[in-house]
Amino acid sequence: MQQLRLFFIALQFFTRLPIPRWVGFQPEWLHHASRYFPLVGCVVAAVAAAVYLLTALVLPAPLAAVLSTAASIYVTGAFHEDGFADTCDGLGGGLTRERVLEIMKDSRIGAYGAIGIVCMLGVKCTALALLPPGSAIAALFVAHPLSRLAATSLIWRMDYARAEGKAKPMAQQMTGAEFAIAALTAMLPGAILVTGGLMNAAVLGACLAAAGLSALWLGRKFHLRLQGYTGDCLGAVQQVAEVAVYLVILASLS
């Protein structure tokens, strides 16, 4: 029951979806809810896949791809996209650690953020639009959990860069066992697809490598520029890793 509570706490933190009232809330639960960040990705993937499937029945696949992406943004409240844009602004416009953190905290979006979000969404929607419908739906169930696992790896291995912040309650502690739970839930949809013959095991391995490399590359950049990470950084890793997985799957079909 406590594990179910932690999942619902993570779902409430990372999405707009309502949770049952019986779950309740204790501040210390946030410290351990990050283990279910990838499982939240499975829920988001299910919503996006349902919208894609229903839309593709009456509209061309490119529109289904755009609308499914819009659905995932709506469900999460653009939480990760906002973090990606703020990270682009901060790393692009700040020369010192303090200035980068100051820019990232500003709610206004700058040129780097606007350009970055347009390019990122353009690549994401184009990649999904070019995939066959079955492959696009499979890609959603692989990309959303794995990209959130990539973001979770920062919580596991790095320090939080701010003294205070919205994501700090979830970022103060994460054990190896908790990360193992996150990894297991992130890999489960892909394992089901491989077992069912809907995805090649080598492709799934390449997707995992792409998500891992995204986290490694951005994590190193955050370490050099910020000596840690922020909630915006988690959103940036999630978005980059998600796009990387789509590109790997598209390349495998090509």
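This text goes with the structure placed above it.
Residues numbered from 1 in each chain as written. Predicted model: local features only at pLDDT ≥ 70, side-chain atom pairs only at ≥ 80, totals over all residues. Heavy atoms only, no water.

A. Region of interest: the overall build of the protein. Scanning the protein from terminus to terminus reveals twelve helices and zero strands. Taken from the N to the C terminus, the helices and strands of the protein come in the order α-α-α-α-α-α-α-α-α-α-α-α. Referenced to the eigenvectors of the C-alpha coordinate spread, the extents of the protein come out at roughly 50 × 45 × 35 Å. Relative to its full complement of 254 residues, the protein shows a buried share of 50%. Within the protein, contacts between residues at least 6 apart in sequence are counted, and of these 75% link residues at least 24 apart. Element-wise, carbon and sulfur atoms account for 68% of the exposed surface of the protein, whose accessible area totals about 11600 Å². Put simply, the protein has 17 plus and 13 minus side-chain charges, and the middle of one group is 3 Å from the middle of the other. (Helix = DSSP H or I, 4+ residues; strand = E, 2+ residues; numbered from the N terminus. Buried < 20%, exposed > 50% of the residue type's maximum accessible area, 1.4 Å probe, protein only. Contact = heavy atoms within 4.5 Å. Areas by Shrake-Rupley, 256 points an atom, 1.4 Å probe, with all protein chains shown as cover. Lys, Arg positive; Asp, Glu negative; His and termini not counted. Charge placed at Lys NZ, Arg CZ, Asp CG, Glu CD.)

B. Main features of the pattern of salt bridges. A complete count under the given rule lists five salt bridges for this structure. The residue Glu178 makes a salt bridge to Arg35 at a minimum N-O spacing of 2.6 Å. Of this pair, Glu178 sits in helix α10 (residues 176–195) while Arg35 is found in the loop between α2 (30–33) and α3 (37–56), placing the two residues 143 residues apart along the sequence. Here Arg108 and Asp106 are joined by a salt bridge, their closest N and O atoms 2.8 Å apart. Put simply, Glu81, Lys124 and Glu242 are held in one network by salt bridges that share partners. (Salt bridge = Lys/Arg side-chain N within 4 Å of Asp/Glu carboxyl O.)

C. Inspection of the packing of aromatic side chains at higher detail. Applying the stated criterion to the full structure yields nine aromatic pairs. Arranged with centres 6.4 Å apart and planes meeting at 90°, the rings of Phe7 and Tyr36 form a pair that is edge-to-face. Taken together, the residues Phe7 in helix α1 (residues 2–14) and Tyr36 in the loop between α2 and α3 connect sequence positions 29 residues apart. For the pair shown, Phe7 and Tyr36 are each scored as buried. Look at Phe14 and Phe79: their rings are 6.0 Å apart centre to centre, the planes differ by 65°, and that puts the pair in the edge-to-face class. Here Phe79 lies in helix α5 (residues 79–93) and Phe14 lies in helix α1, a separation of 65 residues in the sequence. For Phe79, a relative accessible area of 26% puts it in the partly exposed group. The rings of Phe7, Phe8, Trp22 and Tyr36 are connected pair by pair, giving a single aromatic cluster. Here the guanidinium or amino end of Arg16 rests over the ring plane of Tyr74, the centre of that ring lying 5.3 Å away. Lying across the ring of Trp156, Arg157 places its NZ or CZ 5.0 Å from the centre. (Phe/Tyr/Trp six-rings, centres within 6.5 Å; stacked < 30°, edge-to-face > 60°. Lys NZ or Arg CZ within 6 Å of the ring centre and 35° of its normal.)

D. Region of the structure containing α10. With 20 residues, α10 should cover 28 Å at 1.5 Å per step; its first-to-last C-alpha distance of 27 Å lies within 8% of that length. Along its length, α10 shows its largest kink, about 35°, at Leu188, and proline Pro189 lies within four residues downstream of that point. Restricting attention to buried positions, one finds in α10 the residues Glu178, Phe179, Ala182, Thr185, Ala186, Pro189, Gly190 and Leu193. Close packing links the buried residues of α10 with α2, α3, α8 (133–157) and α11 (201–226). Two residues or fewer after α10 comes Gly197, characterised by a positive phi angle close to 75°. (Expected span 1.5 Å × (residues − 1). Bend = angle between axes of the 7 residues up to and from the residue.)

E. Seen up close, the environment of Leu17. On the secondary structure map, Leu17 appears in the loop between α1 and α2. Considering only alpha carbons, one finds Leu17 and Thr76, 59 residues apart in sequence, at a separation of 8.2 Å. Residues contacting Leu17, with those up to four places away along its chain left out, are Leu11, Val43 and Val75.

F. Geometry of unusual backbone geometry. Not every positive phi belongs to a glycine, and Ala78 is a case in point at roughly 55°. For Ala78, a relative accessible area of 24% puts it in the partly exposed group. One non-glycine residue with positive phi stands out, namely Gln227, at about 55°. Relative to the assigned elements, Gln227 resides in the loop between α11 and α12 (231–253). What makes Gln227 partly exposed here is its relative accessible area of 44%.

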